[in-house]
Amino acid sequence: MAPVLPGSGRIPVTLLSGYLGAGKTTAVNRLLAAGAGRRLAVLVNDFGAVSVDAALIEARDATTISLANGCLCCAVSDDLGGALDGLAALPEPPEQVLIEASGVAHPARIARMAGGWPGFALDAVATVADPETLRARAADKFVGRLVRDQVEAADLLLLSRADLACPAAVADARALLAGLAPGRPVLDAAEAAAAPDLLLGPLVSGAQPRPLPGPAPHPAFSSRIWTPPGPIAPERMREILAALPAPIHRAKGFFVTPDGATMLAQRAGARVEIAPAAPAATAIVLIAAGPAETRENALPRAIAELDAAPFQDTRPGDAA
Amino acid sequence: MTDPSQITVFTARRIRTMNRSNPVATAVAVRDGRILEVGTPETLRPWLDAHPHTVDDRFRDAVLMPGFIDPHLHPTLAAILLPCHFITALEWRLPNRVSPPVTSQEAYMARLTEIEAGLADPAEPLITWGYHRIWHGAVTREMLNAVSSERPIVLWQRSFHEVVANDAAIDWMGLDRADLDRHPQVEPSTGRFFETGLSLAMRGMNPHLLAPQRFSGGLELVKQAIHWGGHTTIGELAYPLADDAGEWAALKAALDGDDVPFRTHFVPRGALRGAFDAQGADLARIDGYAARNTHRLRFGNGVKLFTDGGFFAELMQVQEPGFIDGHHGEWMMAPEAFERVARDLWHAGKRIHVHCTGDLGVELALDVLERLQFARPRFNHRFTIEHFGLSTPEQVRRIRDLGALVSANVYYVHELGEAYWQRSIGHERASSMSRLGALEREGVTTALHSDFTMAPALPLNSAWVAVNRVAESGAVIGAEERMSLDAAMRAITIDAAYVLGMENEIGSIRAGKAADFTVLGEDPWEVDPMALRDIPVLGTVFEGRHFPAAG
Ligand SMILES: [Zn+2]
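Residues numbered from 1 in each chain as written. Chains lettered and ligands numbered in written order. Predicted model: local features only at pLDDT ≥ 70, side-chain atom pairs only at ≥ 80, totals over all residues. Heavy atoms only, no water.

Going by what an unreviewed UniProt entry lists, chain B is known as Amidohydrolase 3 domain-containing protein and is assigned to Albimonas donghaensis.

Turning to chain A, the UniProt annotation filed under Function (unreviewed entry) states: "Zinc chaperone that directly transfers zinc cofactor to target proteins, thereby activating them. Zinc is transferred from the CXCC motif in the GTPase domain to the zinc binding site in target proteins in a process requiring GTP hydrolysis." (UniProt positions renumbered as here; feature names shortened; annotations may be inferred.)

What follows is the structure, given as structure tokens:
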């Protein structure tokens, strides 16, 4: 049923969460406009929809598929699972899936659901917040707990309307986010959504990572490819990725363990995951966001430090 | 067979009319399915002198009540469940079997083994419902393998949120072991699939559960169960549950025949499943259903909305201090979206039924109702709080002040009262779930429902819980919130009719109403309140026709 991709073999899923009016739909539209050249499926409305709209973007022509579900009830049916099966069964399955969760969804739950579905794997949870309304919503009698859950479950936080909101509101929202989700990067939603590599992660399913930013540097992020000098134990790789300096929000790619196994490594925000993969070229894409100068400086320095790092001093046998 | 246009006089040991002006009678005259008059053979004289009639004394030893009404259940959901083998901690009485209480792991495994041995076809999957860890302990894949290594065996947990499967079932579901190993909510070693992991199991089970033949067989059992409980009217309170075309065809085939001894009042969803962020009510769809109305199947003015999640699944939204384990409930719709849809329905003059299980869900419904009343006051609007699991006494007064009604699932007290006291919300709040005594004290019109299959579709059983508040262990829980017998019997007859907006047609025995009766072996006002649920339901009369209980 599931498509056989090189590498991890599973289609990565990014979950876009956020309460009503936070700016999710704007972000999705921006992402679709910027996502030309990759096969990206967008599922709107995570759960329970009788019909799920999916926009499938490939190069310049967009197709919309609608999956009508003959589901019986919430206990028996699962529309999200059905929609994912539908995507996996397409003649050309998507390379990446973005799920725009409903405003009342608890993202941790949908992340487990989609990430655990056969043929799919969770890439990241991104939560959008509107700086003008975040504090009031996070304290609301009915949805305060939900809004805080959505922030706490995020790997990446996106501030929408950052250009329109008053600076004091943006600063206040940042402080609130930092308190609820310490260590999670806070990105500008408009910029991140215009950069699929940043929001959805780089495409690394091929034998070679695709060339990233393209001819001109992207306004929102910078990236570099780091080729590990030799085999690395999974636990060591986990430490390496976790220790990447602040502007680097994402890392994804393949490495080989001392036992000769290929592994997929990725970092999204503060979360690092290492999973077994089919043989693939060894290379890790690093992506940094933030002010252009900071990120352009950070990447070469990080790569130089990585190249100089000791890899041999860990126990080769402690593969995860 | 008597001429239907002729008058039939049914005499009975006693008739409890549920009409306070004329509460007790011994004879009722019926013509063309309607009541001409209820009273005594003497008071009926003017009718009988003027028209030909027959006297039918087949109920001479029985007690007649108005046909029972369950204003909130789900035939479609029940049709999926009833074909399963029941092994339950509490007794479930069904028309074709009784599932006795099974309260230990030993007894559970013995019963499962017995059911397995009784199945002829070795390939037939054995799906059993009712398993609960509190009573049955941790039943594992290996234990099920020991019952059968060939037959797929699936334990479906009581609240539907977990299954346990043996190896044959995992193969039958078409699942790859690697997918189970990496799933955070599947335990491959024990065969347990829970929460989001359950979706994987359901994907494999659905083709079996929803197979047309099984489903129509299930609806046949639902039909029997509804009759067996003594109902003559039910409310299907969230249509559609499935895809409309298929579900309607199945329900029409099963529930619209001349042999069906009850009518179904449909209350459509105000927003279809998944419309979490709805911009407004879909009035064209809602109003369009009425074109399908038949004699037995009818859409009226009611519309269903939801605030918070399920009570058995502990997904209700609870006010501070919340749940003991710190988990959080769910909203079924964004509160703003709920308000938008409710406002459209309110302005369209609809009767709004709102599923509210936790006290924060009730709070949202009441806050919105208060704003709607401020914007455009309505009287006799019958905004109804459905389920009413947790509430506060202050909310009950507010329900009264805002003119709202309640349709309560009181079975929560019986099945979950002690479990939620111990594990979920503590004693104080658990003992006041389904706060019926307060509703009665404040004079709020209240119906009782089963939400079948959340509770057995047995109105006398619901009334028994309401009047006694006996929890699973036999202890009384929340004695102050007990309902009087009168109020409980009204809650399954005339007050249930009122909640459905059908009080002029059904719900009491008086001149002009449908001749719907429930035939009882004993008088509920004469038995010990603890024996209420044991009163035999001998059958029903639906629109003048007698449908005796089977067997
Ligand atoms: Zn219900």
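This is not the end of the story, as more comes after the structure.
Colleague: Which residues make up the overall build of chain B, and what values go with them?
Modeller: Looking only at helices and strands, chain B features 20 helices and 24 strands. Overall size of chain B, expressed as C-alpha extent along the three principal axes, is 80 × 60 × 45 Å. Classification of the 551 residues of chain B by burial places 62% in the buried group. Counting only contacts in chain B whose residues sit at least 6 apart along the sequence, the fraction spanning at least 24 positions is 72%. Considering chain B, the positive charge centre built from 53 side chains and the negative charge centre built from 71 side chains are found 5 Å apart. (Helix = DSSP H or I, 4+ residues; strand = E, 2+ residues; numbered from the N terminus. Buried < 20%, exposed > 50% of the residue type's maximum accessible area, 1.4 Å probe, protein only. Contact = heavy atoms within 4.5 Å. Lys, Arg positive; Asp, Glu negative; His and termini not counted. Charge placed at Lys NZ, Arg CZ, Asp CG, Glu CD.)

Colleague: Please provide a residue-by-residue account of the overall build of chain A, values included.
Modeller: In terms of regular secondary structure, chain A is built from ten helices and 13 strands. In chain A, the share of contacts with a sequence separation of at least 24, taken over all contacts with a separation of at least 6, comes to 72%. Carbon and sulfur atoms make up 58% of the accessible area of chain A, which amounts to about 12,100 Å² in all. (Areas by Shrake-Rupley, 256 points an atom, 1.4 Å probe, with all protein chains shown as cover.)

Colleague: I'd like to hear about the nonpolar core, residue by residue, with values.
Modeller: Judged by nonpolar contacts, the single largest core of 181 residues is most densely connected at V97(A), W156(B), F193(B) and I385(B). With eight residues, the single largest contributor to this core is helix α13 (residues 359-375) of chain B. Setting aside its immediate chain neighbours within four residues, I385(B) contacts V354(B), C356(B), V362(B), A365(B), L366(B), I399(B), L405(B), V406(B) and S407(B). (Core = buried A, V, L, I, M, F, W, Y, C linked by side-chain atoms within 4.5 Å.)

Colleague: Go over the sheet that holds strand β2 (residues 24-31) of chain B with me, naming the residues and quoting the values.
Modeller: All names here are of chain B. Taking strand neighbours across the sheet as the criterion, the seven strands line up as β3-β2-β1-β4-β22-β23-β24 in an open arrangement whose pairing is mixed. Two strands lie at the open edges of the sheet, namely β3 (34-39) and β24 (545-548), each paired on one side alone. If you compare each strand with its neighbour and ignore which way they point, the axes differ by 35° on average. Pairing of β2 with β3 involves five bridges; the strand directions are antiparallel. When the sheet's bridge partners are listed, V28 is paired in β3 with V38. (Pairing = 2+ DSSP bridges. Axes fitted to C-alpha atoms, helices over the stretch in contact; angles between N-to-C directions.)

Colleague: Describe the pattern of salt bridges, naming the residues involved and giving the relevant values.
Modeller: If you walk through the whole model with that rule in mind, you get 58 salt bridges over all chains. Linking E273(A) and R271(A) is a salt bridge whose minimum nitrogen-to-oxygen distance equals 2.4 Å. Between K223(B) and E220(B) there is a salt bridge, with the nearest N and O atoms lying 3.3 Å from each other. With K223(B) and E220(B) both in helix α9 (residues 212-228), this residue pair falls three residues apart, about one helical turn. E220(B) sits in the partly exposed class, given a relative accessible area of 35%. The network of salt bridges with common partners includes K141(A), E363(B), D367(B), E370(B) and R398(B). (Salt bridge = Lys/Arg side-chain N within 4 Å of Asp/Glu carboxyl O.)

Colleague: Mind laying out the packing of α13(B) against helix α14 (residues 393-401) of chain B, listing which residues take part and the relevant values?
Modeller: Residues and elements named next belong to chain B. The geometry of α13 relative to α14 is characterised by a closest axis approach of 11 Å and an angle of 30° between their N-to-C directions. The angle between α13 and α14 falls in the class roughly parallel. Here α13 and α14 pass one another in a crossing that is left-handed. On α14, the residues that touch D359, V362, E363, L366, D367 and E370 of α13 are Q395, R398 and I399. Residue composition of the contact of α13 with α14, grouped by class: three nonpolar, one polar and five charged. (Parallel < 35°, antiparallel > 145°, perpendicular 65-115°, else oblique. Left-handed = near helix turned anticlockwise from the far one by under 90°. Nonpolar A, V, L, I, M, F, W, Y, C, P; charged D, E, K, R; others polar.)

Colleague: Quick one: what's the story with the domain arrangement of chain B, residue by residue and with numbers?
Modeller: Taken domain by domain, chain B consists of domain 1 (1-66 + 508-551) and domain 2 (75-209). One C-alpha centre belongs to domain 1 of chain B, the other to domain 2 of chain B; they are set 44 Å apart. (Domains from an automatic or database assignment.)

Colleague: Account for the domain arrangement of chain A, naming residues and giving values.
Modeller: Residue and element names in this part refer to chain A. Here the domain parsing of chain A yields domain 1 (11-200) and domain 2 (221-313). The partner domain 2 presents twelve residues to the 16 residues of domain 1 that form the contact. Summed over both partners, the interface of domain 1 with domain 2 comes to about 1,100 Å²; 56% of that surface belongs to carbon and sulfur atoms. Contact with domain 2 buries area across many residues of domain 1, yet D123, D155 and L198 alone supply 42% of it, more than any other trio. (Buried area = accessible area lost by both parts, 1.4 Å probe.)

Colleague: So what about the pairing of strand β6 (residues 120-129) of chain A? Which residues, and what values?
Modeller: Residues and elements named next belong to chain A. The buried fraction of β6 amounts to nine of the ten residues, a majority that puts the element mostly inside the structure. Where strand β1 (residues 11-17) meets β6, seven bridges bridge the pair, whose relative direction is parallel. In the sheet register, I11 faces β6, and the bridge partner there is F120. For β6 and strand β7 (residues 156-159), the ladder comprises four bridges, and the chain directions are parallel.

Colleague: Which residues make up the sheet that holds strand β11 (residues 262-268) of chain A, and what values do they have?
Modeller: All names here are of chain A. Read from one edge of the open sheet, five strands run β9-β13-β10-β11-β12, paired in antiparallel fashion. Sheet topology places β9 (221-226) and β12 (271-276) at the edges, where each strand pairs with a single neighbour. Strand-to-strand twist across the sheet, computed as the mean angle between neighbouring axes with direction ignored, equals 10°. Of the strand pairs in this sheet, β9 and strand β13 (residues 283-289) are connected by six bridges, and their pairing is antiparallel. Pairing of I225 across the sheet is with V285, part of β13. Across the sheet, helix α10 (residues 292-308) lies against β9, β10 (248-256) and β13, angled at about 15° from β9, the strand it touches most.

Colleague: Kindly report on the packing of aromatic side chains, identifying the contributing residues and their values.
Modeller: With the rule as written, the count across this model stands at 20 aromatic pairs over all chains. With a centroid separation of 5.9 Å and an interplanar angle of 80°, the aromatic rings of F142(A) and W331(B) are classed as edge-to-face. Note that F142(A) is positioned in the loop between α4 (134-138) and α5 (144-152) and W331(B) in the loop between β17 (302-306) and α12 (335-347), a pairing that runs across two chains. For the pair formed by F142(A) and W331(B), the shared burial category is buried. Here the aromatic residues F86(B), W92(B), W129(B), W156(B) and F160(B) are joined through ring pairs into a cluster of three or more. The ring of F194(B) carries R192(B) above its face, with NZ or CZ at 4.2 Å from the centroid. Above the ring of W248(B), the side-chain terminus of R292(B) is found at 5.2 Å from the ring centroid. (Phe/Tyr/Trp six-rings, centres within 6.5 Å; stacked < 30°, edge-to-face > 60°. Lys NZ or Arg CZ within 6 Å of the ring centre and 35° of its normal.)

Colleague: I'd like a rundown of the packing of α12(B) against α13(B), residues and numbers included.
Modeller: Residue and element names in this part refer to chain B. Contact geometry of α12 with α13 gives a least axis separation of 10 Å together with a crossing angle of 45°. For the element pair α12 / α13, the angle class is oblique. Judged by the twist between their axes, the crossing of α12 over α13 is right-handed. In contact with P335, F338, E339, A342, R343 and W346 of α12, α13 contributes L364, A365, V368, L369, R371, L372 and Q373. The residue inventory of the contact of α12 with α13, partitioned by class, reads nine nonpolar, one polar and three charged.

Colleague: Account for the UniProt feature "domain: CobW C-terminal" (unreviewed entry) in chain A, with residues named and values stated.
Modeller: As annotated by UniProt and renumbered to match this structure, "domain: CobW C-terminal" (unreviewed entry) occupies residues 221-307 of chain A. End C-alpha atoms of residues 221-307 of chain A are separated by 22 Å, and the span's content is 29% helix alongside 40% strand.

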